[in-house]
Amino acid sequence: MLPRRGRSPAGSGWRRNWEAALSRRALITGITGQDGSYLAEHLIACGYEVWGLVRGQQNPRVRQLRQLLGDVRLIRGDLLDQGSLISAVEQVQPDEVYNLAAISYVPMSWQQAELTGEVTGLGVLRVLEAIRVCSGISASRSPGRGQIRFYQASSSEMFGMVRESPQNEQTPFHPRSPYGVAKTYGHFLTQNYRESYGMFAVSGILFNHESPRRGAEFVTRKISLGVARIKLGYEKQLRLGNLSARRDWGYAADYVRAMRLMLAGEEPADYVIGTGVTHTVGELLELAFKVAGLDWREHVVTDAAFIRPAEVDKLCADPSLARERLGWESKVGFEELVAMMVEADLALLSSGGHAEDSFGDSW
Ligand code: NAP
Ligand code: G4F
């Protein structure tokens, strides 16, 4: 069981909050991903000491992460390896663990369903077990057991074939991909550890959130990169799948603020995080091409290779609980987000950069 580190004495008002944050230590899994980078920046700005779990021997994104965030400390570990997670928690002694690591690209979850189950599903169990073991929690429920607070990156993909719209914390799940099924397992397990062991364990049910650091395989970044390549004359066409799918797209830097707020609450609870506004892929296309002064109809080709075995047609968040209890709101709207992404990719490619070796703006 971990010996606890000292805390600064309680002050008052904002000073107490700042002092409390100053003494906090966070461990982030998935720190080399889009959300990991924004969350690390946000926590550092709030005065946290931030540690990131990184996997692999020669992970190229580690170098980029170090360039962006020199203040982050890194520790090796893998969601497939229970021992490495126990060692990481033992060594870091975090106050908060944010589990963002996953295989997060939905189409890949049909191609590698078992691996997705192992990482995105069972990986949550391994992180929770590392916290439980290191906190010395061995028996049943006792509220507030253990001092490590846990955040699980749940997903609106769990709603899948939606039973109602918009979706809130009570909406039943009907996942449509092995990814959605694995996330649903992780979500219920987080709830179960909260109920079984009294752990402060919460899930953020986050709707799609994007940025210039988004992976190039996701539709927003695929479009912003495609527009930039066409504008600069490198390509003529952009091949896409279902243009009528509808999503609730927000800005990633806004969404990581909600993660911290969830762990700062008095009571552990799960929250839906999204904008409440939806657009189709077609509308996204039209706007992105317009930002670059182009007409999408002259360049976009639909390609059956990008149609999924089972689609999620429409997702729309009802984030009212997060607004009321956490005071959280998204700040960047759809038009601003799309313009930001297209402009960032135009700048990146114009300066000779590549999508693979850059996550966009400041990476
Ligand atoms: P992302 O960019 O795909 O990042 C995924 C991260 O997981 C990477 O850092 C990757 O590290 C890490 N990872 C993969 N397999 C691992 C393993 N076996 N052990 C340790 N780390 C591993 O994802 P994101 O967009 O930042 O999303 C963060 C989390 O939120 C994910 O869990 C995602 O499913 C969830 N989520 C995302 C959204 C969204 O719209 N972005 C919405 C809802 C939920 P490597 O560099 O080593 O590959
Ligand atoms: O950008 P996407 O690949 O994101 P998707 O599947 O909604 O998943 C993302 O958001 C989830 C939250 O709801 C996360 F949990 C998950 O980890 C990930 O971050 O696709 C969005 C929509 C889909 O309906 C897809 O069919 O765009 C449609 N689409 C049409 N053409 C395409 C394409 N998607 C991709 N990736 N590539 C296409 O060519």
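Here, every reference points to the structure presented above.
Residues numbered from 1 in each chain as written. Chains lettered and ligands numbered in written order. Predicted model: local features only at pLDDT ≥ 70, side-chain atom pairs only at ≥ 80, totals over all residues. Heavy atoms only, no water.

**Q** How do you make sense of the environment of S165 when you look at a structure like this?
**A** Position of S165 relative to the elements: it lies in the loop between β5 (149–155) and α7 (178–197). A C-alpha to C-alpha distance of 7.7 Å links S165 and L315, two positions 150 residues apart in sequence. Here S165 is in contact with K314 and C316, once residues within four sequence places are set aside. (Helix = DSSP H or I, 4+ residues; strand = E, 2+ residues; numbered from the N terminus. Contact = heavy atoms within 4.5 Å.)

**Q** How do you make sense of helix α8 (residues 219–231) when you look at a structure like this?
**A** Working note: α-helix, 3.6 residues per turn, so residues spaced by three or four point in the same direction. With 13 residues, α8 ought to run about 18 Å at 1.5 Å a step, and its terminal C-alpha atoms sit 18 Å apart, in line with that. Among all positions in α8, only T220, R221, K222, I223, S224, L225, G226, V227, A228 and I230 are buried. Considering only its buried residues, α8 is in contact with β7 (209–210), β8 (238–240), α10 (281–291) and α12 (334–350). Backbone geometry just downstream of α8 places G233 in the positive-phi region, at approximately 85 degrees. (Expected span 1.5 Å × (residues − 1). Buried < 20%, exposed > 50% of the residue type's maximum accessible area, 1.4 Å probe, protein only.)

**Q** Whenever I open this one, the packing of helix α2 (residues 34–45) against helix α9 (residues 252–264) confuses me. Can you help?
**A** Each pair of packed helices can be summarised by the angle the axes make with each other and by the distance between the axes. It is the contact of α2 with α9, at a shortest axis distance of 9 Å, that shows an interaxial angle of 60 degrees. Taken as a pair, α2 and α9 cross one another with a handedness that is right-handed. Of α9, the residues touching α2 (which contributes Q34, D35, Y38, L39, H42 and L43) are A252, A253, V256, R257, M259 and R260. Here the contact of α2 with α9 is built from residues that sort into seven nonpolar, two polar and three charged. (Axes fitted to C-alpha atoms, helices over the stretch in contact; angles between N-to-C directions. Left-handed = near helix turned anticlockwise from the far one by under 90°. Nonpolar A, V, L, I, M, F, W, Y, C, P; charged D, E, K, R; others polar.)

**Q** Honestly, the packing of helix α4 (residues 82–92) against helix α6 (residues 113–135) in this entry has me stumped. Any pointers?
**A** Closest axis-to-axis distance for the α4/α6 pair is 9 Å, and the angle between their directions is 45 degrees. Taken together, α4 and α6 sit at an angle that is classed as oblique. Crossing handedness for the pair α4 and α6: right-handed. Between α4 and α6, the contacting residues are Q82, L85, I86, V89 and E90 on the first element and R126, V127, E129, A130 and C134 on the second. Along the lines of polarity and charge, the residues of the contact of α4 with α6 split into six nonpolar, one polar and three charged. (Parallel < 35°, antiparallel > 145°, perpendicular 65-115°, else oblique.)

**Q** Teacher, can you tell me more about the side chain of T278 here?
**A** You can see T278 is positioned in the loop between β11 (271–273) and β12 (279–280). Under the relative-accessibility criterion, T278 is labelled buried at 17%. Within the structure, T278 has its side chain in polar contact with the side chain of R246 (distance 3.1 Å). Apart from the residues lying within four places of it in its own chain, the contact partners of T278 are R246, R247, D248, E283, K314, L315 and C316. (Polar contact = N/O pair within 3.5 Å; in protein donor to acceptor, adjacent residues only side chain to side chain.)

By themselves, these are just geometric observations and shouldn't be taken as functional.
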